[in-house]
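Structural features, examined
One-letter residues, chain by chain:
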Amino acid sequence: MSKLNILLITSDQQHWNTLGQFNPENQTPALDRLAAQGRTFTRAYCPNPTCTPTRSSMITGKYPSQHGAYSLGTKLPESEGAMGEILSEAGYRTALVGKAHFQPLQSTDEYPSLEAYPTLQDLDFWADFEGPFYGFDHIELARNHTDEAHVGQHYALWMEEKGLSNWRDYFLQPTGNVEAQRRKWLIPEQYHYNAWIAERSKALISQYHDAAEPFFLWASFFDPHPKYLVPEPWDTMYDPDEITVPSITPGEHDSSPPHLQLTQQPDPDYYAWQEPNGAGCHGFHSHLHDRDELAQDIACYYGMVSCMDKYIGAIVDHLDKLGLAENTLVVFTSDHGHYFGQHGLIAKGAFHYDDGIRVPMIARLPGRIPAGQRSHNLQSLVDYAPTFLDYCGLSVPEDMTGIAQQAIWQGDESDARAHVIIENRHQPTTLHLKTFINDRYKLTLYYQRDYGEIYDLQNDPGEVNNLWADAALRAELTEAFLRAEMQKEEPLTPERLSQPHKSAAMYLKSCNMRHWQINFDPAANRYELFDLALDAERSRNLWDDPAQRGKRAEMAQALLFSRWGLEPLWMPRIAGA
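Definitions and limits used
Residues numbered from 1 in each chain as written. Predicted model: local features only at pLDDT ≥ 70, side-chain atom pairs only at ≥ 80, totals over all residues. Heavy atoms only, no water. Phe/Tyr/Trp six-rings, centres within 6.5 Å; stacked < 30°, edge-to-face > 60°. Buried < 20%, exposed > 50% of the residue type's maximum accessible area, 1.4 Å probe, protein only. Helix = DSSP H or I, 4+ residues; strand = E, 2+ residues; numbered from the N terminus. Pairing = 2+ DSSP bridges. Axes fitted to C-alpha atoms, helices over the stretch in contact; angles between N-to-C directions. Contact = heavy atoms within 4.5 Å.

A word on the packing of aromatic side chains. Enumeration according to the criterion identifies 43 aromatic pairs in this entry. Summarising the aromatic geometry, the rings of phenylalanine 125 and tryptophan 126 are spaced 4.9 Å apart at their centres and angled 90° between planes, so their arrangement reads as edge-to-face. Judged by relative accessible area, which is 1%, tryptophan 126 ranks as buried. Taking the centre distance of 6.1 Å and the plane angle of 55° together, the rings of phenylalanine 216 and phenylalanine 388 count as tilted. With a gap of 172 residues between them, phenylalanine 216 in strand S6 (residues 215-220) and phenylalanine 388 in helix H11 (residues 384-391) connect regions that are remote in the sequence.

Written out as structure tokens, the structure is:
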């Protein structure tokens, strides 16, 4: 093959520190071997700490506010271009095996979803449908995490083909016959979806190799997303008594936003965050837990990671045995992080600590990506689509706002990212936050709220001391955030502006609040600040006036919030996931 292949391998909801190379309590020999052959990125972040928005960003090269899948329970509009379409036009075979989650579990006439009931369990439909789907000409999907009743699609067909006619005995009611399972999943390992993803991924690699066709294959694993459940012997691989159990630092939430403080109450009231066009808020419940039970959960979570690692290794080993290593870019990451006691939190939610938004990441391409190295440069999963296209020698569309990282992955760090942005519009109006991270600091702003979070990641890597009260630092970071937001704009053609999830207003560059006005000219990188009560003609720009430093910061935040508020709400959240 003369063209470069791409093998993308992802896990789901995997904490960044669950690779053996960083954490001796967790064994991941296959991923450690991949890291030794490639480069590990220690500061990789997702563009959103939930599945649908981040996965959509990975294939579109856009932020959730731009591609339209702004939260769980929404869908990626079919009108959005995906990198698979560009690769297909260039002669590539494109395939996804495992979890897609570009669409919600419910479907309506206005917002149809192939990943919804009853279609996802219509096995006759899936026996005849393998794509196309968002740029993938071949798909083999499932939607369940562990023994969830959402089981169906191609995974259920595969179990039947393998002779597991009683597969319903291993899944929850009403689809299956199981009432409850905890930590030990009774399904034999050979029928676990890890085995399915590995077997089918290897088969496709062989098929493309034999036909001498270049390929982009996404092997998309479901684990270690809870619930905590894994077949034997992995369920007892780790001793809970030998595992470090993270815990809250006393008093750390005293200066936290209210929704974080409520997590530490036994019966918190989150009514203020509910709304008619929304759905359930992930993580908005009590996070109080029993330490010993959590230790057992972590042991199971580690077992899920190690089991998955075995099958990741099987895919990579198969690729290498076919002689494709030198001509295949292999990338491993996760769609978002996970909490297992850090900051007193469990699982996920609108909490932007690194545990929830930072992800493991390894890239391998012999001869081009340095082997056995670690990079501490900032990375974002929104960059994957433009980076993959760049590696394949294809033009990156103008409307992809991610930044191609080929040079950085290969060791030239002169033009590395100066910042990353994480978006989280978990509810249409009541829960809308974004985070800005640069080399040292993290700033999280909450739409139209007077609270927020600032952490010094160099001196406080555990993110315990919220520096929000430091007005000067908050002003400096807010202005940097505003500039970063301006830099990630996409060009909007008349055709795109006709789409319901697009609006020129979302890129507002001027804001009036009372008698003050802020303007920004991106071409000249020039800001203006006017006091219209004293200067109606706008003849005196006060932006650089030291006496107006506080007003300058206030107006920068006002312009940020104005832009966020104008991001189109083109669809409600029609499901929780």
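Spatially, 4 strands are ordered S14-S15-S16-S17 in an open sheet, and the strand pairing comes out antiparallel. Across the chains shown, the open sheet's two edge strands, defined by having one partner strand only, are strand S14 (419-425) and strand S17 (452-456). Put simply, the sheet's adjacent strands are angled 10° from each other on average, direction ignored. Sheet topology note: the S14/strand S15 (residues 432-438) ladder contains 7 bridges and is antiparallel. Each residue of the ladder has a partner; that of arginine 425, found in S15, is histidine 432. Running at roughly 100° to S15, helix H13 (residues 471-487) makes contact with S14, S15, strand S16 (441-446) and S17 of the sheet. Docked against the sheet, helix H15 (residues 549-565) engages S14, S15 and S16, running at close to 60° with respect to S16.

Spatial strand order, S18-S19-S20: 3 strands in an open sheet with antiparallel pairing. The open sheet terminates on both sides in strands that have one partner only, identified here as strand S18 (510-513) and strand S20 (526-531). Strand after strand, the sheet turns through a mean of 10° between neighbouring axes, direction not considered. Here 6 bridges tie strand S19 (residues 516-521) to S20, and the two strands are oriented antiparallel to one another. From the neighbouring strand, aspartate 521 faces S20, where its bridge partner is arginine 526. Running at roughly 115° to S18, H15 makes contact with S18, S19 and S20 of the sheet.

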